[in-house]
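Understanding the architecture of this molecule
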Amino acid sequence: MKEIIRRIASSIVLIIVVSFVTFFMLMLIPGDAVEISLGTEATPERVTELRAALGMDAPWYTQYMSWFTHALAGDFGVSFTYGENVTTLLLSRLPVTLSLMLMAIVIAVPLALTIGVIAALKQNKTFDIIARTLMQMGDAMPQFWIALIFLVYIAAQIEIFPISGFTPFSESVYGGVMSLFLPAVVLAFGMIATLIRIVRSSMLHSLKQDYMLMTRVSGVHPVRAIIKYPLRDALIAPLTVIGIQISGLISGVIVVESIFSLPGVGRLLFSAVLKRDLFLILGLVSFIVTSVIIITLITDILYILLNKKMRRNES
Amino acid sequence: MKTKIGVLFITLMFALVLSACGNGSDEAKELLNENKNTEAKDGLKIAISVDPDGLDPHRTTASSTFVITNNIYDTLVKVTKDGEIEPSLAASYEQSEDGKTLTFNLREDVQFHDGTALTAKDVAYSFERIKDELGPRKDNYAYITEVNVIDDYTIEFKAESPSASFISDFAYPWAAIVKDGADETLKKDPVGTGPYKLVNWTPQDKIVLEGVDHYNEGQIQNVEFKMMPDSTAQVTSFKKGDIHLIETTGDVVDTLGDATIIEIDNNSVQLMAMNLENDYLSNKKLRQAINMAVDKEELINAVWWGYGKQIGSHYPPVLKGYVDTTGTYPYDVKKAKALVEESGAKGITLNMKLPSDYPNYVAAGQIIAEKLEAIGIHVKIETIEWGTWLTDVYGNRDYDLTVVGHTGRIEGYDLLEKYNSTRSDNYFNYKNTEIDDLLSSIKVELDEERRMDMYEQVQTILAEEVPALYIQEPTRIYGISDDLEGFSAYPIDVFELKDLKFKE
């Protein structure tokens, strides 16, 4: 329990540090929202005047403090580009991205488990070699490329997959699933290779343990023995990397959402950066960091709990 | 253990369902609408690649905004396809003898989308707003010193000096008329008098418009702009029939099959600017050499698939008063080499900053760089993001060469004024008193013939002095599905939804 409180406290500090670093970096890189909105119509006088009018001429630490105090009160400001509350924008995008990521996980995890387990049991046999080759290929293919291939050769040819856009689940569950299926598969591609590798190696590791020899000596049926010990390790193995995978997913989400024209958080962040929409970037980054931290925290806690249970079982 | 995993999955699925229930009801309504649309041959779908920069016409310079707001708001006068001015919200207008006063008589039958009637007060407020500190075009309207409401339907504008672009300044989409008292919420809740009103805007997803009763009523009731950042997705959807109208590029034109392809002279100018602050580039001979080293036709073919018109100065062929100066420095590598030799610039290195957000400019820059290597000038290319480009090149003038485009205007003066040596947007660092004098005369010359004459002089001087390598006036290419007709584009980068209709 003490450990958990300590983790939560350090997470909060981390979130503040990240928001600060983000803010500082945005101040350092050239170009700001004013210059971008004025474009080639900008004259230096106009830029200075508009900055002053928007309160962007204040020193950066004043601006940061003002943002930070508002953020503490739950007010993340108004997006310069959209004239809309950052929170409203984020909440309207979240369903798309969350569903997309969950769907990717739902596709990737069971598939990775099956392939990983079989590959480990048939180590160095044909299945294992094919699985390993596929893993290499999966790693090598960039996601934007797979996404484009899917778009041109699957979405364009098969009527049931829309080329672009998102159908909310409240409108049609079928439509929603179909509009996210291809993008989710692309995302799943990006994480599946790592997952398979982890499942496979954890299986192999357990299979070689002395207790496996014991089960054979004591006459336990091999299938039963495998289900009871190595498979368990293999099942929780993905859990340890899922936190890392999710932060990886976020970068994939930006690409996939752009290609499939999905109105999600990734694309929102991408365009916010291009337009230097300060409050929107800060809001989104803080949110993403917070979620990654929370997910890691949850996986860690789950892991501890599962481990405890296992230890109890063994004793 | 298994149950734990099971619980985890159920929780995940639950979160999925919950998160999906966010914005239910109006989406459902839309779906109903869509079903209705298909029966009456309605429901126009247009692909756009960039989100508008808010829907407030007075707070941005982004053409992605004007493509939409042009249909939501009206302006006092309008520009026709041929660049002539015609009445719009103003039923008529007159300019005083001395050219310093413009009086508009407003139509009396105009309503905003919320039902309030349009009066001169709204017009006065709109220009107050355009000219305030948050208005990006403030400087363009600074010469208007007085706005007087005469009565409910008459309004008068006074300028400090006669101006050639006085009337055309009221035709641009950024001179749109908004409601008296409208504030910064226009960015997301636009209220105008135009033929279409906003139904909803889901940023990065779609913008839904609906026709209203209007003196310029559109034929199509329901219009949806679909945001599709990826051009492959746009073309694929267009071919599949999900989208009726896309703006496209020369390379895919042949693959669009039955679609109508419309090519429109874009009224803008693309060029490679040179910084005359650089000692070598301040030498005209080197600039001439650079101009002779590049075969513009080849360049346009390579980068824009041949869609574009060569230019010889900062003036697009479609604009009134254009003279053909493309022959001033014909492609001649031998001569170019000799000129480089003469100017003592052989073996120098110039930096070229290219905006990565515009892949065409980057490609053009790379080709030009190769050509310059061939005449003995080294080019160090640096590709930078648009925001950085604006600061470095446009703001600080810290560059030698760059490739960029300038948006079109109805009056040539607005394009050319940046060559005035005192202008802060003269990023070429170009100084020529003759040009300065000509520009100040053009600005106040109301006689069209004499003005055109001076435009000709400016063009000839620029073509001779070449502070830039003038490349082309680009061609915009639109793909239109074969059941749609009436499309036309205007010389200010927009098209009007009201022109479009489905074939019977």
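Residues numbered from 1 in each chain as written. Chains lettered and ligands numbered in written order. Predicted model: local features only at pLDDT ≥ 70, side-chain atom pairs only at ≥ 80, totals over all residues. Heavy atoms only, no water.

Definition in use: UniProt positions are given in the numbering used here, feature names are shortened, and annotations may be inferred rather than shown by experiment.
If you check an unreviewed UniProt entry, chain B appears there as Periplasmic dipeptide transport protein from Phocicoccus pinnipedialis. UniProt annotates chain B under Sequence similarities (unreviewed entry) with the comment "Belongs to the bacterial solute-binding protein 5 family."

Chain A is annotated in an unreviewed UniProt entry as Glutathione transport system permease protein GsiC of Phocicoccus pinnipedialis. Reading the Subcellular location (unreviewed entry) entry of the UniProt record for chain A gives the comment "Cell membrane". Turning to chain A, the UniProt annotation filed under Sequence similarities (unreviewed entry) states: "Belongs to the binding-protein-dependent transport system permease family."

1. Section: unusual backbone geometry
All names here are of chain B. Applicable threshold: Put simply, DSSP H or I for four residues or longer makes a helix, DSSP E for two residues or longer makes a strand, and each gets a number counted from the N terminus.
Even without glycine at this site, N267 takes up a positive phi of about 65 degrees. Looking at the element boundaries, N267 is found in the loop between β12 (260-265) and β13 (269-274). One non-glycine residue, V466, lies in positive phi territory at about 35 degrees. Here V466 is to be found in the loop between α13 (448-465) and β18 (468-480).

2. Here we look at the UniProt feature "transmembrane region" (unreviewed entry) in chain A
The residues that UniProt annotates with the feature "transmembrane region" (unreviewed entry) are residues 12-29, 98-121, 142-161, 173-199, 234-260 and 280-306 of chain A. What you have in residues 280-306 of chain A is 100% helix and 0% strand, and the ends, taken at the C-alpha atoms, are 38 Å apart.

3. Quick look at the packing of helix α7 (residues 143-155) of chain A against helix α8 (residues 173-207) of chain A
All names here are of chain A. This is how it is decided: Each axis is a line fitted through C-alpha atoms, taken for helices only over the stretch in contact, and angles between the N-to-C directions span 0 to 180 degrees. The hand of a helix crossing depends on one turn: near helix anticlockwise from the far one by less than a right angle means left-handed, and clockwise means right-handed. Any two residues having at least one pair of non-hydrogen atoms within 4.5 Å are treated as being in contact. Throughout, the ten residues Ala, Val, Leu, Ile, Met, Phe, Trp, Tyr, Cys and Pro are labelled nonpolar, Asp, Glu, Lys and Arg are labelled charged, and all others, Gly among them, are labelled polar.
Taken N-terminus to C-terminus, the directions of α7 and α8 make an angle of 145 degrees; their axes are 10 Å apart at the nearest point. Relative to α8, the crossing made by α7 is right-handed. Contacts between α7 and α8 involve Q143, I146, A147, F150, I154 and A155 from the former and L182, V185, V186, L187, F189 and G190 from the latter. Looking at side-chain class alone, the contact of α7 with α8 contains ten nonpolar, two polar and no charged residues.

4. Notes on the domain arrangement of chain B
Residues and elements named next belong to chain B. As a reminder of what qualifies: Domain segmentation is taken from an automatic or database assignment of domains. Reported buried area values correspond to the accessible surface (1.4 Å probe) lost by two parts on association, with both partners' losses combined. By convention in these notes, a salt bridge is any Lys or Arg side-chain nitrogen within 4 Å of a carboxyl oxygen on Asp or Glu. Pairs of N or O atoms are called polar contacts if they sit within 3.5 Å, as long as, within protein, a hydrogen donor faces a hydrogen acceptor (for residues adjacent in sequence, only side-chain-to-side-chain pairs).
Segmenting chain B into domains produces domain 1 (73-175), domain 2 (196-259 + 481-502) and domain 3 (269-475). Inter-centroid distance (C-alpha atoms) of domain 2 to domain 3 is 33 Å. Contact residues are listed per partner, giving six residues for domain 2 and four residues for domain 3. Of the roughly 470 Å² buried at the junction of domain 2 and domain 3 (both faces included), carbon and sulfur atoms supply 72%. Taken as a group, G250, D251 and I492 account for 56% of the area that domain 2 buries against domain 3, more than any other trio of residues on that side. Taken together, the links from domain 2 to domain 3 amount to zero salt bridges. At the junction of domain 2 with domain 3, the criterion picks out zero residue pairs in polar contact (both at pLDDT 80 or more). Looking at the side of domain 2 that touches domain 3, its residues break down into two nonpolar, two polar and two charged.

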